[in-house]
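In case you want the letters, here they are:
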Amino acid sequence: QVQLVESGGGLVQAGDSLRLSCASSEPAFILYTVGWFRQAPGKEREIVAAISRVEESTHYADSVKGRFTISRVNAKNTVYLQMTMIKPEDTAVYYCAARRGTNSASANDYEYWGQGTQVTVSS
């Protein structure tokens with residue numbers, strides 16, 4: 001069982017920056033593709049960004065391209081989501097998820113999930 005722990009959420013103002021972290025104690029975390037998803041009230045969970053295992057190719061939702069950056073530090077077993085130029089519509093619970101396969105934008109493809117961290121953006 002791969003455990004994922006998100007941190008870094010909070011209340012920010014529009015235009016601010018925030019960095020979310022997803023940490024795992026899994027020794028082979030480098031072998032997992034990791035995705036950041038978000039879910040706003042009344043909406044379905046959606047992909048924000050994903051970073052593949054090993055080769056670290058990335059995928060972004062159109063709504064965050066140019067504003068958010070996903071990265072991983074394998075020595076720390078941690079994946080980051082750097083959020084800049086944050087907008088009120090970015091308000092959601094953000095989840096990190098992991099899968100053994102390659103990049104995927106579908107939440108159904110991810111086997112392991114964290115508990116989520118709330119990001120609230122005021123205008």
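Our structure is the block above this text.
**Q** Just to check I follow, could you spell out unusual backbone geometry for this structure?
**A** The phi torsion of most residues other than glycine is negative, and most of the peptide bonds are trans. Phi is positive for Asn77, close to 50 degrees, though the residue is something other than glycine. Mapped onto the elements of the fold, Asn77 is located in the loop between strand 7 (68–73) and strand 8 (78–83). The class of Asn77 is buried, set by a relative accessible area of 15%.

**Q** Please explain the sheet that holds strand 1 (residues 4–7) as it appears in this structure.
**A** The pairing of strands in a sheet happens through backbone hydrogen bonds and is either parallel or antiparallel. Read across the open sheet, the four strands follow the order 1-3-8-7; overall the sheet is antiparallel. Because the sheet does not close on itself, it has two edges, and the strands there are strand 1 and strand 7. Each strand axis lies, on average, 15 degrees off the axis of its neighbour in the sheet, ignoring direction.

**Q** Hey, could you run me through the environment of Gly9 in this one?
**A** Examined against the element boundaries, Gly9 turns out to sit in the loop between strand 1 and strand 2 (10–13). With relative accessibility at 32%, the residue Gly9 sits in the partly exposed group. Gly9 sits 109 residues away from Gln118 along the chain, and the two C-alpha atoms are 5.3 Å apart. In this structure, Gly9 is in contact with Leu18, Leu20, Thr117, Gln118 and Val119, ignoring residues within four places of it in sequence.

**Q** Would you mind showing me how to read the pattern of salt bridges here?
**A** Where side chains of opposite charge bring their charged atoms close, a pairing between them can arise. All chains considered together, the criterion is met by four salt bridges. One salt bridge in this structure joins Arg38 and Glu46, with 2.7 Å as the shortest N-O distance. We classify Arg38 as buried; its relative accessible area is 6%. Between Lys65 and Asp62 there is a salt bridge whose closest N-O contact spans 3.2 Å.

**Q** Teacher, can you tell me more about the packing of aromatic side chains here?
**A** When we look at a pair of aromatic rings, we describe it by the centre distance and by the angle of the planes. A complete count under the given rule lists five aromatic pairs for this structure. Ring centres 6.2 Å apart and planes at 70 degrees place the aromatic pair Tyr32 and Tyr112 in the edge-to-face group. Within this pair, whereas Tyr32 is found in the loop between strand 3 (18–24) and strand 4 (33–39), its partner Tyr112 is found in strand 10 (residues 112–113), the two being separated by 80 residues in sequence. Each member of the pair, Tyr32 as well as Tyr112, is classed as buried. Aromatic pair Tyr95 and Trp113: ring centres 6.3 Å apart, planes at 75 degrees, arrangement edge-to-face. Pair noted here: Tyr95 is in strand 9 (residues 92–99) and Trp113 is in strand 10, with a separation of 18 residues, a long-range link.

**Q** Got a minute to help me understand the pairing of strand 4 in this structure?
**A** In regular strands, side chains alternate between the two faces of the sheet. Judged by how many residues are buried, strand 4 sits mostly within the fold: six of seven residues are covered. For strand 4 and strand 9, the ladder comprises seven bridges, and the chain directions are antiparallel. Within the sheet, the bridge partner assigned to Gly35 lies in strand 9 and is Ala97. As paired elements, strand 4 and strand 5 (residues 46–51) share five bridges and run antiparallel to each other. In the strand pairing of strand 5, Arg38 is matched with Glu46. Linkage of strand 4 to strand 5, two consecutive antiparallel strands, is achieved through a turn of six residues, within which Gly42 is found at a positive phi near 80 degrees.

Definitions and cut-offs
Residues numbered from 1 in each chain as written. Predicted model: local features only at pLDDT ≥ 70, side-chain atom pairs only at ≥ 80, totals over all residues. Heavy atoms only, no water. Helix = DSSP H or I, 4+ residues; strand = E, 2+ residues; numbered from the N terminus. Buried < 20%, exposed > 50% of the residue type's maximum accessible area, 1.4 Å probe, protein only. Pairing = 2+ DSSP bridges. Axes fitted to C-alpha atoms, helices over the stretch in contact; angles between N-to-C directions. Contact = heavy atoms within 4.5 Å. Salt bridge = Lys/Arg side-chain N within 4 Å of Asp/Glu carboxyl O. Phe/Tyr/Trp six-rings, centres within 6.5 Å; stacked < 30°, edge-to-face > 60°.

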